[in-house]
Amino acid sequence: MAEPTPRFGAAMDVRFDAPVESFVEFLTDRGLDHIELRAGYLDVREDGPTPATLREVADEYGVTYSVHAPHLDAAPGNVNERLRSAVVEATVDALDFAAAIDAVGVVTHGGSARLRYPDRVRDHVRSQAVETIRACARHAETVDVPLCLENQRTKPDIRRFTATPDRLASVLEAVDVGPDALRVTLDVGHAKASGIAYERFVDRFGDRIHLVHLHDNDGETDAHDPLPSFRSVGADIGAPYNVLEMKSRADIDRSL
């Protein structure tokens, strides 16, 4: 059986003050057929679409969805157990929402700890993050929507637990949930801003890469600049779903 044709689309950024259907029209007019709905966008809208409406939009326009779990002010490695549990609950809600709209995956972050903290604190934060991801990945198994752990960019004062191929692999191993339920989101902009060729992630994780986030930068800042070569980059990686993460519709057009 032939592999399905990879899909390319864009993320519904929190800055986009427009209904989902309007954005879908914008994307499909340009030959794109995937949309990533971000919790930040959905959480600040009182007029957010229902799952039934989103399924109708998907059927009408022939698009697929992915969902980005909450990450603004949401730390999976929070040392306060009540707050960590709240991150689990919010991500589980995102997985349930994704299942209700027939989404292809849910993106999540892997957590971080400040380097100024003692080793024992950083180790505890990482352990908390692993517990959060494990709980969410096990729920992903029950709703048949993969949880996709994203590589983060490095920062000089913070140890991000998924910023390098080795760190990402270590977290996946510690979580110990199979690749059907726990997959990878490769963010090529985060890799570039970390001084890491995205091909290193491809070599390490291969078919486990389910989603790709596409944007550019100067190699130092996470600028989310347009990426005109996004289709060739996506072809290099070979993942089924590819998402432009832009700050504006104009930047999407610049990428195109």
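The structure we're discussing is the one just above.
Residues numbered from 1 in each chain as written. Predicted model: local features only at pLDDT ≥ 70, side-chain atom pairs only at ≥ 80, totals over all residues. Heavy atoms only, no water.

**What about the packing of aromatic side chains?**
Let me state the cut-off plainly: Each pair of aromatic rings taken from Phe, Tyr and Trp, with Trp reduced to its six-membered ring, is defined by centres within 6.5 Å and is described as stacked if the planes are under 30 degrees apart, edge-to-face if over 60, and tilted in the remaining cases. Numbering of helices and strands runs from the N terminus; a helix is a DSSP stretch of H or I covering at least four residues, while a strand is a stretch of E covering at least two. Partly exposed residues are those whose accessible area sits between 20% and 50% of the maximum for their type, while under 20% is buried and over 50% is exposed, using a 1.4 Å probe and protein chains only. Only when the NZ of Lys or the CZ of Arg is both within 6 Å of the ring centre and within 35 degrees of the ring normal is a charge said to sit over the ring.
Enumeration over the complete set of coordinates arrives at four aromatic pairs. Both rings, one in Phe 201 and one in Phe 205, keep their centres 6.4 Å apart while their planes meet at 25°; by these two values the pair is stacked. Of this pair, Phe 201 and Phe 205 both sit in helix H8 (residues 198–205), separated by four residues, roughly a single helical turn. Classification of Phe 205 as buried rests on a relative accessible area of 10%. In textbook terms, an aromatic cluster arises when at least three aromatic residues are bridged by ring pairs, as seen for Phe 16, Phe 23 and Phe 26. The ring of Phe 26 has Arg 249 sitting right over it, with the charged end atom 4.9 Å from the ring centre.

**Digging into the pairing of strand S10 (residues 241–244)**
Put simply, the rule is: Here, any two strands with at least 2 DSSP bridges between them count as paired. Assignment of crossover handedness uses the view with strands pointing away from the viewer, where a clockwise path from the first strand over the helix to the second indicates a right-handed crossover.
What you see with S10 is no split at all: Tyr 241 and Val 243 on one side and Asn 242 and Leu 244 on the other are buried throughout. Relative to S10, strand S1 (residues 7–12) runs parallel, the two sharing four bridges. When the bridges of S10 are listed, Phe 8 appears paired with Asn 242. Once the chain exits strand S9 (residues 209–214) it traverses helix H9 (residues 230–237) before rejoining the sheet at S10, and the crossover so formed is right-handed.

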